[in-house]
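# Examination of the molecular architecture
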Amino acid sequence: GKIKNARQVLLRGAREAKDAADGASLGRSADDLAAALRALPGATDLDMLRGLEGEAARQYFAGLNRVVRLDARASFQMDGRTRRPPRDRMNALLSFLYSMLMNDCRSALEAAGLDPQVGFLHALRPGRAALALDLMEEFRAIADRLALTLINRGQIGAGDFVEREGGAVLLEGESGTGKELAAR
């Protein structure tokens, strides 16, 4: 589901692209994800499945830059997914949104009487809500679309982030937009 939904984000970006080169590049990235989807049934073990998912995620995040409107790309350029700490504004925004999504998934699992610690795809580690992480994979594209919408509509900008020593980039809570986003 994660790969299929990521592909839809790229296909939508290709349809809405103002630049023909962006549209073509996004179409090729979507085709790469389609190939990953076709390869999934051939995965014989969990490690192979994780490898296919990891490669698809790498391709997806490489294409995501082209969905950001042209005048915001310099501020929201990302070179792959980085976290703990995020190294650019896009990764900081995605990390924030993914944290909120994970907490919602964990709460839903607990409300249903399921143990969020015992997952299937994510490795079991003490203190890690593996099942919540498994569940949220289906919904990551919603967080990605929200991030892209906030950026492309100008509702969040470069000034809403702060760079710390060591290269960490964080969503600044003191600016108006950061507080408004957290309140949503």
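Anyway, here's the lowdown on the structure attached to this text. Values in this document were obtained by computation on a predicted structure and should not be read as measured data.

When helices and strands are counted, the protein chain shows eight helices and two strands. Its helices and strands taken in sequence order, the protein chain reads α-α-α-α-α-α-α-β-β-α from the N to the C terminus. Against the globule reference of 16 Å for 184 residues, the protein chain gives a C-alpha radius of gyration of 17 Å, in line with a compact fold. Overall size of the protein chain, expressed as C-alpha extent along the three principal axes, is 45 × 40 × 30 Å. In the protein chain, the proportion of contacts linking residues at least 24 apart, taken out of those at least 6 apart, comes to 53%. Only carbon and sulfur atoms are counted for the fraction: they give 53% of the accessible area of the protein chain, which is about 10200 Å². When the 27 basic and 25 acidic side-chain charges of the protein chain are each reduced to a single mean position, those positions are 3 Å apart.

Here we take up the side chain of N65. Mapped onto the elements, N65 comes out in the loop between α3 (46-64) and α4 (73-76). Within polar-contact distance, the side chain of N65 engages the backbone oxygen of M78 at 2.7 Å. With residues near it in sequence (within four places) discarded, N65 still touches R73, F76, Q77 and M78.

With that settled, consider the nonpolar core. Formed by 42 residues in total, the largest nonpolar core has its most connected members in Y60, F61, L64, M90 and I151. Elements with a contribution of two residues or more to this core: α1 (2-16), α2 (20-39), α3, α5 (89-111), α6 (130-136) and α7 (140-152). The leading source of residues in this core is α5, at 10 residues. When sequence neighbours within four positions are dropped, the list of residues in contact with Y60 reads A6, V9, L10, L33 and D144.

A few words on α2. In this model, α2 (20 residues) spans 29 Å end to end at C-alpha, consistent with the 28 Å of a helix rising 1.5 Å per residue. All of the buried residues along α2 are D22, G23, S25, L26, G27, S29, A30, L33, A34 and A36. The inward-facing, buried residues of α2 contact α1, α3 and α4.

Cut-offs and rules
Residues numbered from 1 in each chain as written. Predicted model: local features only at pLDDT ≥ 70, side-chain atom pairs only at ≥ 80, totals over all residues. Heavy atoms only, no water. Helix = DSSP H or I, 4+ residues; strand = E, 2+ residues; numbered from the N terminus. Rg over C-alpha atoms; globule rule 2.2 N^0.38 Å. Contact = heavy atoms within 4.5 Å. Areas by Shrake-Rupley, 256 points an atom, 1.4 Å probe, with all protein chains shown as cover. Lys, Arg positive; Asp, Glu negative; His and termini not counted. Charge placed at Lys NZ, Arg CZ, Asp CG, Glu CD. Polar contact = N/O pair within 3.5 Å; in protein donor to acceptor, adjacent residues only side chain to side chain. Core = buried A, V, L, I, M, F, W, Y, C linked by side-chain atoms within 4.5 Å. Buried < 20%, exposed > 50% of the residue type's maximum accessible area, 1.4 Å probe, protein only. Expected span 1.5 Å × (residues − 1).

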